[in-house]
Amino acid sequence: MVNSKPRPADNVTNGLYNQDILTVRQFTPELVDYVFGVADEMRTLVERFGSADLLQGKIMANLFYEPSTRTSSSFMAAMQRLGGQVIPINSVKYSSVSKGESLADTVRTLECYADVIVLRHYEVGAAAEAAHWASKPIINAGDGVGEHPTQALLDAYTIQRELGRMENLTVGMLGDLRFGRTVHSLTRLLLNRDVTFRFVSPRLLRMPEEIRDEVTNAGDTFTEHRDVMEIIDEVDVLYVTRVQKERFTDLADYERVKDIYVITPEVLANAKEKMVVMHPLPRVGEIAYEVDQDPRAAYFRQMQNGVFTRMALLAAVLGRA
Ligand code: ASP
């Protein structure tokens, strides 16, 4: 279902025009560079003028079946800064979904009103299913434990800006690698770039086999660790994640692992001087507040980058980049 929508012959916006964004697998290195270039332009635009009328007359439906603060509001901010309008459905319990409407019917309804649908759903593959039914583009804003492609793009954009490159790095991913969709997408996006992965988690929350296999098949390397101190001195990126309480079927398991990692200034004392600490947020204790003062703490800048990246994606998908 990826790239199944009609595409104009002139191939504007590097092939993103009128396309679904479902997985980072769609993003070739050239396309990633293109998105970063447009994101830089969006940053300049926002800094100089605050907004523009690029997407005037366009409407985005924001359909969220799971809680969200950053993804939902940054998509809305992105659309509004480009002069577009938003239909926010952040609380599906007040919509016809609570009457038992299927995802297929909900997206076919919303595309009668909107030009693009941003969808967050609790099931893996929901965005692909929605894309199957919709003729307007669907943007996957997180499908259960599956993927979160726009987050991975903003993460990679942050790495590029903070470190000047996204190749030839040692990237530590820490916490809930099993249920954390952001690390699934980011790992895939960083494949074939000479990245060495250090996966740090309790055994219960290991990176899924499918993704470990993808790393190996790409010819990249990873190692697995339980203790962050084993890798802290060599990583260029420490990507910290929240233990995803909502995915556990047995809360006793959650209780056992929830506080397993806390990144403190003492931990970071062992890290390189030039490295970044990232987190998709929200954090629930895995990074101490004192770390926020450290110049290597990039998670608030990372969040800001999300608006520019999503502005770039919306402009491209709607044919105006
Ligand atoms: N906000 C991110 C997500 O939606 C990370 C998280 O919830 O922990 O996946």
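Below is a summary of the structure that appears in this document. Since this is a predicted model, take the numbers as computed values, not measurements.

Definitions and limits used
- Residues numbered from 1 in each chain as written.
- Predicted model: local features only at pLDDT ≥ 70, side-chain atom pairs only at ≥ 80, totals over all residues.
- Heavy atoms only, no water.
- Helix = DSSP H or I, 4+ residues; strand = E, 2+ residues; numbered from the N terminus.
- Buried < 20%, exposed > 50% of the residue type's maximum accessible area, 1.4 Å probe, protein only.
- Contact = heavy atoms within 4.5 Å.
- Polar contact = N/O pair within 3.5 Å; in protein donor to acceptor, adjacent residues only side chain to side chain.
- Pairing = 2+ DSSP bridges.
- Right-handed = clockwise from strand over helix to strand, strands pointing away.
- Near = heavy atom within 4 Å.
- Areas by Shrake-Rupley, 256 points an atom, 1.4 Å probe, with all protein chains shown as cover.
- 1 Å grid on protein atoms, 1.4 Å probe; cavity = no way out; pocket = protein on both sides within 12 Å on 5 of 7 lines; lining within 4 Å.
- Sits in = over half its atoms within 2 Å of the grid points.
- Nonpolar A, V, L, I, M, F, W, Y, C, P; charged D, E, K, R; others polar.
- Core = buried A, V, L, I, M, F, W, Y, C linked by side-chain atoms within 4.5 Å.
- Expected span 1.5 Å × (residues − 1).
- Axes fitted to C-alpha atoms, helices over the stretch in contact; angles between N-to-C directions.
- Left-handed = near helix turned anticlockwise from the far one by under 90°.
- Points joined across faces, edges and corners; volume = space filled by probe spheres on them.
- Parallel < 35°, antiparallel > 145°, perpendicular 65-115°, else oblique.

1. Structural notes on the environment of R198
Point 1. Looking at the element boundaries, R198 is found in strand 6 (residues 196–200).
Point 2. For R198, a relative accessible area of 15% corresponds to the buried category.
Point 3. Spatially, the C-alpha atom of R198 lies 20 Å from that of E266, the residues being 68 residues apart in sequence.
Point 4. If we skip the residues at most four places from it in the chain, R198 touches T170, V171, G172, M173, T223, H225, I231, E234 and V235.
Point 5. A polar contact is formed between the side chain of R198 and the side chain of T223, at a distance of 2.9 Å.
Point 6. A distance of 2.7 Å separates polar atoms of two side chains, one belonging to R198 and the other to E234.

2. Topic: the pairing of strand 2 (residues 85–89)
Point 1. Relative to strand 2, strand 1 (residues 59–64) runs parallel, the two being bridged by five bridges. The partner of A61 across the bridge, within strand 2, is I87.
Point 2. Handedness of the crossover joining strand 1 and strand 2 through helix 2 (residues 70–81): right-handed.

3. Topic: the site of the ligand
Point 1. If you check the shell around the ligand, you find R120, H148, R181, T182, R242, Q244, P280, L281 and P282 and nothing else.
Point 2. Within the side chain of R242, a nitrogen or oxygen atom sits 2.8 Å from an oxygen atom of the ligand.
Point 3. A distance of 3.0 Å is found between a nitrogen atom of the ligand and a backbone nitrogen or oxygen belonging to L281.
Point 4. Burial of the ligand by the protein chains amounts to 92% of its free accessible area of 270 Å².
Point 5. Mapping the ligand onto the cavity grids shows that it belongs to the largest pocket.
Point 6. Partitioned by chemical class, the residues of the shell around the ligand number three nonpolar, three polar and three charged.

4. Quick look at the nonpolar core
Point 1. Within the largest apolar cluster, 64 residues are counted, with the highest numbers of intra-cluster contacts made by F27, M60, M173, M311 and L314.
Point 2. If we skip the residues at most four places from it in the chain, L314 touches L55, M60, F75, A78, M79, V116 and I139.
Point 3. Among the nonpolar cores identified, the runner-up in size contains 21 residues, and V200, I263, A271 and L281 belong to it.

5. A few points about the environment of G285
Point 1. Residue placement: G285 occurs in the loop between strand 9 (276–278) and helix 10 (299–317).
Point 2. With 22 residues separating them in the primary sequence, G285 and I263 have C-alpha atoms 8.7 Å apart.
Point 3. Residue contacts for G285: discarding those within four places in its chain leaves Y261 and V262.

6. Some points on helix 2
Point 1. Between its terminal C-alpha atoms helix 2 stretches 16 Å, which fits the 16 Å expected from 12 residues at 1.5 Å a residue.
Point 2. Of all the residues in helix 2, the buried ones are T71, S72, S74, F75, M76, A78 and M79.
Point 3. Here the buried face of helix 2 lies against strand 1, strand 2, strand 3 (116–121), strand 4 (138–143), helix 5 (149–163) and helix 10.
Point 4. Once helix 2 finishes, G83 follows within two positions and takes phi at roughly 85°, a positive value.

7. Considering the packing of helix 5 against helix 10
The geometry of a pair of packed helices is captured by two quantities: the angle between their axes and the separation between those axes.
Point 1. Between helix 5 and helix 10, the shortest axis-to-axis distance is 8 Å and the interhelical angle comes to 120°. Helix 5 and helix 10 meet at a crossing whose hand is right-handed. Of the residues in helix 10, those touching helix 5 at T150, Q151, L153, L154, D155, Y157, T158, R161 and E162 are R301, Q302, N305, G306, T309, R310 and L313.

8. Re the layout of surface pockets
Point 1. In this structure, the largest pocket spans a volume of roughly 390 Å³.
Point 2. Lining of the largest pocket is provided by 21 residues; of these, R120, R181, R242, L281 and P282 occupy positions nearest its centre.
Point 3. For the lining of the largest pocket, the secondary-structure elements that each account for two or more residues are helix 2 and helix 6 (181–189).
Point 4. Among the residues making up the lining of the largest pocket, the classes are represented as four nonpolar, 10 polar and seven charged.

9. What about the packing of helix 3 (residues 103–110) against helix 4 (residues 126–133)?
Point 1. Contact pair helix 3 / helix 4: the axes reach a minimum separation of 9 Å and the direction vectors enclose 55°. Considered as vectors, helix 3 and helix 4 are oriented oblique to each other. Helix 4 is crossed by helix 3, and the crossing has right-handed handedness. Seen from helix 3, the contacting residues are L103, A104, V107 and R108; seen from helix 4, they are A126, E129, A130 and W133.

10. Here we look at the sheet that holds strand 3
Point 1. Within the open sheet, the four strands sit side by side as 2-1-3-4. Their pairing is parallel. The sheet terminates laterally at strand 2 and strand 4, the two strands that pair on one side only. Strand-to-strand twist across the sheet, computed as the mean angle between neighbouring axes with direction ignored, equals 15°.
Point 2. Across the sheet, helix 2 lies against strand 1, strand 2, strand 3 and strand 4, angled at about 175° from strand 1, the strand it touches most.

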